[in-house]
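A structural walkthrough
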Amino acid sequence: MTTINIDHTSRWFGNVVAVNDITMNIGPGVTGLLGPNGAGKSTLINMMGGFLAPSTGSVTLDGKPIWRNEQIYKEIGIVPEREAMYDFLTGREFVVANAELHGLDERAAKKALATVEMEYAQDRKISTYSKGMRQRVKMASALVHDPSVLLLDEPFNGMDPRQRMQLMELLRTMGAQGRTVLFSSHILEEVEQLASHIEVIVAGRHAASGDFRRIRRLMTDRPHRYLIRSSDDRALAAALIADPSTAGIEVDLKEGALRIQAVDFGRFTTLLPRVAREHGIRLLTVSPSDESLESVFSYLVAA
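The structure reproduced in this document is the subject of the present report.

1. Things to note about the pairing of strand β1 (residues 4–13)
Note that β1 and strand β4 (residues 56–61) share five bridges and pair antiparallel. Bridge pairing in β4 links I4 to L61. In this structure, β1 lies alongside strand β2 (residues 16–26), joined through seven bridges in antiparallel fashion. Bridge assignment links I4 to a residue of β2, and that residue is I26. What sits between β1 and β2 in their antiparallel hairpin is a turn of two residues, with G14 showing a positive phi close to 65°.

2. Looking at the side chain of Q163
Here Q163 lies in helix α5 (residues 161–176). For Q163, a relative accessible area of 8% translates into the label buried. The residues touching Q163, leaving out its near neighbours within four places in the chain, are G132, R136 and G158.

3. Here we look at helix α4 (residues 131–143)
Compared with the 18 Å implied by 1.5 Å per residue over 13 residues, the 19 Å span of α4 between its first and last C-alpha is a close match. Burial within α4 is extensive, with 12 of its 13 residues counted as buried. As for α4, its buried residues are in contact with β6 (76–79), α2 (91–101), α3 (106–115), β7 (149–153) and α5.

4. A few points about the pattern of salt bridges
Where charged atoms from two side chains of opposite charge approach closely, those side chains can pair. Counted according to the given criterion, the structure contains 13 salt bridges. We note a salt bridge from R92 to D123, for which the minimum N-O separation is 3.1 Å. A residue pair is termed long-range when its members are at least 10 positions apart, and R92 in helix α2 and D123 in the loop between α3 and α4 qualify at 31 residues. The partner of E169 in a salt bridge is R172, and the shortest N-O contact between them spans 3.3 Å.

5. Observations concerning helix α8 (residues 233–241)
Where α8 is concerned, the buried positions are D233, L236, A237 and L240. All buried residues of α8 fall inside an arc of 100° around its axis, so they share one side. Projecting away from the buried face of α8 at angles above 90 degrees are the exposed residues R234 and A238. Contacts from the buried residues of α8 go to β11 (224–230), β12 (246–252), β13 (257–262), α9 (265–278) and β14 (283–288).

Procedures and definitions
- Residues numbered from 1 in each chain as written.
- Predicted model: local features only at pLDDT ≥ 70, side-chain atom pairs only at ≥ 80, totals over all residues.
- Heavy atoms only, no water.
- Pairing = 2+ DSSP bridges.
- Helix = DSSP H or I, 4+ residues; strand = E, 2+ residues; numbered from the N terminus.
- Buried < 20%, exposed > 50% of the residue type's maximum accessible area, 1.4 Å probe, protein only.
- Contact = heavy atoms within 4.5 Å.
- Expected span 1.5 Å × (residues − 1).
- Salt bridge = Lys/Arg side-chain N within 4 Å of Asp/Glu carboxyl O.
- Arc of directions from axis to C-beta.

So this is what it looks like as structure tokens:
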């Protein structure tokens, strides 16, 4: 069983700290690396793939250092997010070139292209490919040597729904076979559908780790903020403020609304309609005001 170990690893570029003292283990199965854009996901994957050296700490594959160890590429396949490719080649030529680097022939390239369903366009130049097609031919190139570890950086970008489902099924199959599959995403639903284990990083730091239910519970249990408009905001505020599910209520005269912080999400969602009904108050708007990924992830850092 192949495992990537990241031990107190940091990476900085000048005065910018991209990855800050992260420790985690990535083992067999499908792991989602979740975080907002700019969190350090690509930097971390580049260190796992041997493209970047850690500034401090270590990144190893089954105990062997990854940096400056060309032997690890027999076991690792990488699908980078960057679009830089040899556009003058056909898809088949691109995958064959990578097969030859591994000492393999065109049969391995043909199998990899079939795996990602790109045979129909294999003789077209990459310059004519859509973003989704480019993603799939990069995937074929990464699979050509049948790696035990697959690292994918935002692999679903630009894919249509059918391509997305096909790739998800492929990654599930690889995980079920005991391979170590890690993919990064800033989209919660992608991770929920695919990953058996989730690692969350925010602003270069390790924010949370576990299965999706645990991560979702952390997100649900965080304080929630709502913008609420009603037929009688002051009466509603007076009725809600006494309940322990609310930590603060502000009357926003400019918006003509209440700004409420709820610290017990489940209790508050049943309390609000009940209180409104008992006091004859009509609810006109109930809108979450802090549902951005950045706010969710920022809470996880402190959780």
